[in-house]
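# Examination of the molecular architecture
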Amino acid sequence: MPTLKRSAHAASRVAGRLTSGSRVLPAFLITGAQRSGTTSLYRALTQHPLVLKPVLHKGVHYFDMAYDRGLPWYRAHFPLRAAVSRLSRRYGHRAQAFESSPYYLFHPLAPARIAEDLPGVKLIVLVRDPVERAFSAHAHELARGFETETSFARAVELEEERLAGVTEALTAAPHSASHAHRHHAYLARGRYAGQLERLERLVGRDRMLVLDSGCFFTRPEVVHDRVLEFLGLPHLGDPIFERHNARPRPAPMPSSLRRELSEHFAESDARLARWLGAEPSWRR
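Residues numbered from 1 in each chain as written. Predicted model: local features only at pLDDT ≥ 70, side-chain atom pairs only at ≥ 80, totals over all residues. Heavy atoms only, no water.

Moving on to the pairing of strand E5 (residues 208-212). Most of E5 is tucked away: 5 of the 5 residues are buried. Burial along E5 is two-sided: Met 208, Val 210 and Asp 212 and Leu 209 and Leu 211, pointing in opposite directions, are all buried. Where strand E4 (residues 122-127) and E5 come together, 5 bridges link them in parallel fashion. By the bridge assignment, Leu 123 is partnered in E5 with Met 208. (Buried < 20%, exposed > 50% of the residue type's maximum accessible area, 1.4 Å probe, protein only. Helix = DSSP H or I, 4+ residues; strand = E, 2+ residues; numbered from the N terminus. Pairing = 2+ DSSP bridges.)

Below, the structure written as structure tokens:
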């Protein structure tokens, strides 16, 4: 990050902390899943005049990576109440702040923290073909330098060993972090049903909207309208939909591995129908 930008961010953080008591908390969160279109949905929603993004970053990562900093630190990332009130009066509907941190869905402690600190918050989850999600995640982590194993097949083979005992360790030491859990959980992150069921137990089904990323990529207008309805927001203008963060793949996935992984996810995918209202697009 250039020096000038770093300085601006530092100044903004200081101002945010000094005025945190006058700032709003988010009305909704995009909680995941990673590599499932969360950035594209985030960018589309920020074009709505009543949707307010965080001051500095798309994802604050408070409930997973920075919970020890405290709620005033988190609140400092969001707009001032006065700005929210002005927008609400102008449009006749309540303006809503939000953020998007895709690790929240998978982190073992984040959902309970969200339920405790943000009563009434609404949660949006996108789910993508877990085989493609895993393949995309590997390319993403490789490009960012968080993965050293260039072979996707080998990374998948190593996953169980890399993640052994990590969830228990994170739970036992609530302010700790795990590189492997965050960056190498290619298959575990794609077993969506268990993660959604945990979230449901904590916040309730009516505060969750689960979206099929395949539908979002092919019919973004329809999915966008569903999101506005879920949030109770009026349709004000038509956003421009773009795909973000696409990564080139180092090599095609072997068809035998694709079949094996598809079978691996079959049971979890079958349980998604109750969330999506239909069979997942990648299983049709």
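Per the UniProt entry, the sites bearing "domain: Sulfotransferase" (unreviewed entry) are residues 27-234 in this numbering. Helix makes up 50% of residues 27-234 and strand 11%, and the two end C-alpha atoms of the span are 15 Å apart. (UniProt positions renumbered as here; feature names shortened; annotations may be inferred.)

Let us now look at the side chain of Arg 23. Mapped onto the fold, Arg 23 is located in the loop between helix H1 (3-18) and strand E1 (28-32). Buried charge Arg 23 goes without a salt bridge, the closest partner of opposite sign being Glu 99 at 14 Å. At a separation of 2.7 Å, a polar atom in the side chain of Arg 23 contacts the main-chain carbonyl oxygen of Phe 78. (Lys, Arg positive; Asp, Glu negative; His and termini not counted. Salt bridge = Lys/Arg side-chain N within 4 Å of Asp/Glu carboxyl O. Polar contact = N/O pair within 3.5 Å; in protein donor to acceptor, adjacent residues only side chain to side chain.)

Let us now look at the sheet that holds E1. Reading across from one edge, E2-E3-E1-E4-E5 is the order of the 5 strands in this open sheet, with parallel pairing throughout. The open sheet terminates on both sides in strands that have one partner only, identified here as strand E2 (51-52) and E5. Strand direction decides the pairing type here: E2 and strand E3 (residues 96-100), joined by 2 bridges, are parallel. Directly across from Val 51, in E3, lies its bridge partner Gln 96. Relative to the sheet, helix H2 (residues 38-45) contacts E1, E2, E3, E4 and E5, its axis offset from that of E1 by approximately 160 degrees. (Contact = heavy atoms within 4.5 Å. Axes fitted to C-alpha atoms, helices over the stretch in contact; angles between N-to-C directions.)

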